[in-house]
Amino acid sequence: DWMIHTNERLALGIGFPEGFYDASFILVGLQAEDSDSSNRNLFNWLEPFEASVWWCIIGTIIMSALIYMVLESLESPGKYNWRINWNIFLSVLSFTQHFQYHPHAYAARVFSASMAFWSLIIVATYTANLASFFVVQNTPSTKINSIDDAIRASMNICLWEGTGSADYATSAYPQGIFVMMESEAETILGVKRGDCDFALTSVRSWEQLEFDKSVNADCNLEWVGRVVKFVDAGFALQNDAGVKCTSLVQGVLNVHLAEMRADGFTETAWEEHFQKNRDLDCNSAATVSGNESSQLSLNEMAGTFFSHFLATLLAFVISGITILRKKLVTKKPRRFSGAVEELNTIDIHDMSPPGPNSERVKSDDTQDLADMQEQLQELQDCQRDLMRAQDEQKAQMSRMMKKQKAQ
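Notes on the structure in this doc start here. (Residues numbered from 1 in each chain as written. Predicted model: local features only at pLDDT ≥ 70, side-chain atom pairs only at ≥ 80, totals over all residues. Heavy atoms only, no water.)

### Observations concerning the state of the cysteines
- Counted according to the given criterion, the structure contains one disulfide.
- Disulfide pairing is shown between Cys158 and Cys196; the S-S distance is 1.8 Å. Around the S-S axis, the bridge from Cys158 to Cys196 shows a dihedral of about -105° and counts as left-handed. Taken together, the residues span a long stretch of sequence, with Cys158 in strand E4 (residues 156-160) and Cys196 in the loop between helix H7 (184-193) and strand E6 (198-202) at a distance of 38 residues.
- Of the residues examined, Cys196 reaches a relative accessible area of 4% and is grouped as buried. (Disulfide = S-S within 2.5 Å. Helix = DSSP H or I, 4+ residues; strand = E, 2+ residues; numbered from the N terminus. Buried < 20%, exposed > 50% of the residue type's maximum accessible area, 1.4 Å probe, protein only.)

Quick look at the structure:
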């Protein structure tokens, strides 16, 4: 900044020979996204999700088809048709909100409900994010060609406080919205952080900071619009033609600096200097576009997949409980039926009292007989209920088999 020509320095008697440093003021901002409709992307429909999310969706669809078959066959062993390709097809249809499953087992119903809800969340999220992509791609951006355009658009501009560029901007554009920074690098970083829309800097400074990894690691900054003000910078000398003759030194420097500029030495020297100090190559660096940064990652979608996983575990628990309950129910009729058959072999009328002269024993036997008859009646009622339940179960299984054959 001490090399910049300013009116205040000229008023103090400071003279500047031929400049060798391009200190022209320019605006630096984030690169505008290329919205050229001629660039066709056949796979832009995949952009709402990252690749990892798409792979998880495909895996979930296939595994859901297999899990559905397992849950149905566990409760109805030997009666479910294992058509893997057909179930995968139904699983894909379920993902597109066309639910075609007809679950019979309770566990399969719980799992199917979870799968339908998971598909609803995934499709709704995909639709919303895809719509936002289309809106962003077709939203016209404000074209900035000069600092006047930025000020008219009420955009913030970062300035290096106390420098000639800051003094010029605040005095020439008092209506502007300026954010003061403590260094030139901070003005550029302020743009990346979102503190301001543009940074006012010099041409040579930008040529060096553009390839500085600590400032422009993403290579997403660019020179915006026209030059704000052309400024030539060089050595500062005291104008003195009569005492110390520094004006003579200024004239000698002018001659040599003009010759170096005419020979192209100045530009070559600057280019070699920048090449030695660059630690970033933006020509080969992969830039991150706005669309990629807004893609939903696997971490952001993990909750949806985890909820479906928990519902799958619940379905297996329900399947295990159902299988255990069926085993217990099938054992009870055998136990009760055996007891009933044993009681039916007893001829109550052929029973004789234990003693001919014992009324007390007779009354006890009569009471025991009544108790046995009551128990027998209860067991017979239980047997009829169980037989009725078995008949209903057989009828239901018959209807299910007929429906499966019809399908």
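Let us keep going from here.
### Some thoughts on the nonpolar core
- Ranked by internal contacts, the top residues of the largest apolar core, which has 23 residues, are Leu27, Ile147, Ile157, Leu159, Phe198 and Leu200.
- Elements supplying a minimum of two residues to this core: strand E3 (25-30), helix H5 (147-152), E4, helix H6 (164-172), E6, strand E7 (221-229) and helix H11 (265-277).
- The dominant element in this core, judged by the number of residues it contributes, is H5, at three residues.
- Residues within four places of Leu27 in sequence aside, it is in contact with Ser146, Ile147, Ile157, Phe198, Ala199, Leu200, Glu222, Trp223, Val224 and Val228. (Core = buried A, V, L, I, M, F, W, Y, C linked by side-chain atoms within 4.5 Å. Contact = heavy atoms within 4.5 Å.)

### Description of the pairing of E6
- Where burial is concerned, most of E6 is hidden: five out of the five residues are buried.
- Neither face of E6 is open: one carries Phe198, Leu200 and Ser202, the other Ala199 and Thr201, and all of them are buried.
- Sheet topology places E3 next to E6; five bridges connect them, and they run antiparallel. If you follow Phe25 over to E6, its bridge partner there is Ser202.
- Note: E4 against E6, two bridges, orientation parallel. (Pairing = 2+ DSSP bridges.)

### A look at the environment of Gln250
- Locating Gln250 in the fold gives a position in helix H10 (residues 246-263).
- On the accessibility criterion, Gln250 (14% relative accessible area) is buried.

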